[in-house]
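Residue-level structural notes
Each chain, written out:
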Amino acid sequence: AQSVAQPEDQVNVAEGNPLTVKCTYSVSGNPYLFWYVQYPNRGLQFLLKYITGDNLVKGSYGFEAEFNKSQTSFHLKKPSALVSDSALYFCAVSPRGFQKLVFGTGTRLLVSP
Amino acid sequence: DTAVSQTPKYLVTQMGNDKSIKCEQNLGHDTMYWYKQDSKKFLKIMFSYNNKELIINETVPNRFSPKSPDKAHLNLHINSLELGDSAVYFCASSQGPFGGISGANVLTFGAGSRLTVL
């Protein structure tokens, strides 16, 4: 079965420090990988995606994600966190050739001043 | 100009009632979706339409009936509401369906409709 795991319910980081939000997946083949962010009382917004090529993908608001095929991971990173980055982050996977997008359970990021 | 708009934003109703949520997108996308987000923030696909044709129908009670009068609109009607239906329902759209030629489609979400069943 296709699945996405976000092992941390919450990540706490101080403003200015680097942040990592983890995501691992269990999907056969080479899936498409996504990160979305949800601010309070809002819908999800697209941050970045991996299709093919360079393992490091750059996205909106200074975020980037690293695709690691051997570890089946797609961790979200940012070199210097902002308080305004505090939100709920969702990893999602779409197996190639399947009409499906599977979301992880979400990780709450809390950036303290 | 809102890309994906849903109405109403809040809906409070009694058990057993019937209610509808409407969704419209002005992005020219071919594919639309309904997602349900529960109180733990888990996000689950319910339905997807591509050019007015149903392409994804997850295990959802048949009290839920989607309708797509045209590719810019996808409405959700819920009959005989139950307490467990309380959630935030998100409409979304994408240029094409997953698994299609382009494959890695990006979803644009509406702001959500919070349904509370008393």
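Everything below is about the structure shown above.
Residues numbered from 1 in each chain as written. Chains lettered and ligands numbered in written order. Predicted model: local features only at pLDDT ≥ 70, side-chain atom pairs only at ≥ 80, totals over all residues. Heavy atoms only, no water.

1. Some words on the overall build of chain A
This is how it is decided: Comment: elements are numbered from the N terminus, with helices defined as DSSP H or I runs of at least four residues and strands as E runs of at least two. The globule rule used for comparison is 2.2 Å times the number of residues to the exponent 0.38, while the radius of gyration itself is calculated over C-alpha atoms. Whether two residues touch is decided by their heavy atoms; if any such pair falls within 4.5 Å, the residues are in contact. Working definition of accessibility: Shrake-Rupley area with a 1.4 Å probe, residue cover restricted to the visible protein chains. Under this rule, positive means Lys or Arg and negative means Asp or Glu; His and the chain ends count for nothing. By convention, charge coordinates are those of NZ in Lys, CZ in Arg, CG in Asp, or CD in Glu.
Each helix and strand in chain A was counted, giving zero helices and twelve strands. For chain A, the succession of helices and strands along the chain, N to C, is β-β-β-β-β-β-β-β-β-β-β-β. At 13 Å, chain A has a C-alpha radius of gyration in line with the 13 Å of a compact globule built from 113 residues. The C-alpha extent of chain A, read off along each of the three principal axes, is 45 × 30 × 20 Å. For chain A, the proportion of contacts with a sequence separation of at least 24, taken over those separated by at least 6, is 56%. Carbon and sulfur atoms make up 50% of the accessible area of chain A, which totals about 5300 Å². If the 10 positive side-chain charges of chain A are averaged to one point and the 7 negative ones to another, these points end up 9 Å apart.

2. Overview of the state of the cysteines
Selection rule: Two cysteine sulfurs form what is called a disulfide whenever their separation falls within 2.5 Å. Burial classes follow relative accessibility: with a 1.4 Å probe on protein chains only, a residue under 20% of its type's maximum area counts as buried, one over 50% as exposed, and anything between as partly exposed.
The full count for this structure, using the stated rule, is two disulfides over all chains. Across the disulfide from Cys23 of chain A sits Cys91 of chain A; the S-S distance is 2.0 Å. What sets the handedness of the Cys23 of chain A and Cys91 of chain A disulfide is the S-S torsion sign, and at about -65° it is left-handed. Pair noted here: Cys23 of chain A is in the loop between strand S3 (19–21) and strand S4 (24–26) and Cys91 of chain A is in strand S10 (residues 87–94), with a separation of 68 residues, a long-range link. You can call Cys23 of chain A buried: its relative accessible area is 0%. According to the relative accessible area criterion, Cys91 of chain A is buried, its value standing at 0%. With its sulfur 1.9 Å from that of its partner, Cys23 of chain B forms a disulfide with Cys91 of chain B. One quick way to see it: the torsion about the S-S bond of Cys23 of chain B and Cys91 of chain B is about -80°, and its sign makes the bridge left-handed. Of this pair, Cys23 of chain B sits in strand S3 (residues 19–25) while Cys91 of chain B sits in strand S9 (residues 87–94), and the two are 68 residues apart along the sequence.

3. Regarding the sheet that holds strand S1 (residues 4–7) of chain B
All names here are of chain B. To keep things clear, this is the line we draw: Here, any two strands with at least 2 DSSP bridges between them count as paired. Axis definition: a line fitted to C-alpha atoms, limited for helices to the stretch in contact. Angles are taken between N-to-C directions and run from 0 to 180 degrees.
Across the sheet, which stays open at both edges, the four strands sit in the order S1-S3-S8-S7 with antiparallel pairing between neighbours. With one partner strand each, in any of the chains shown, S1 and strand S7 (64–70) form the two edges of the open sheet. For this sheet, the mean angle separating the axes of adjacent strands, direction not counted, is 15°.

Purely spatial values, then, with no claim about function.
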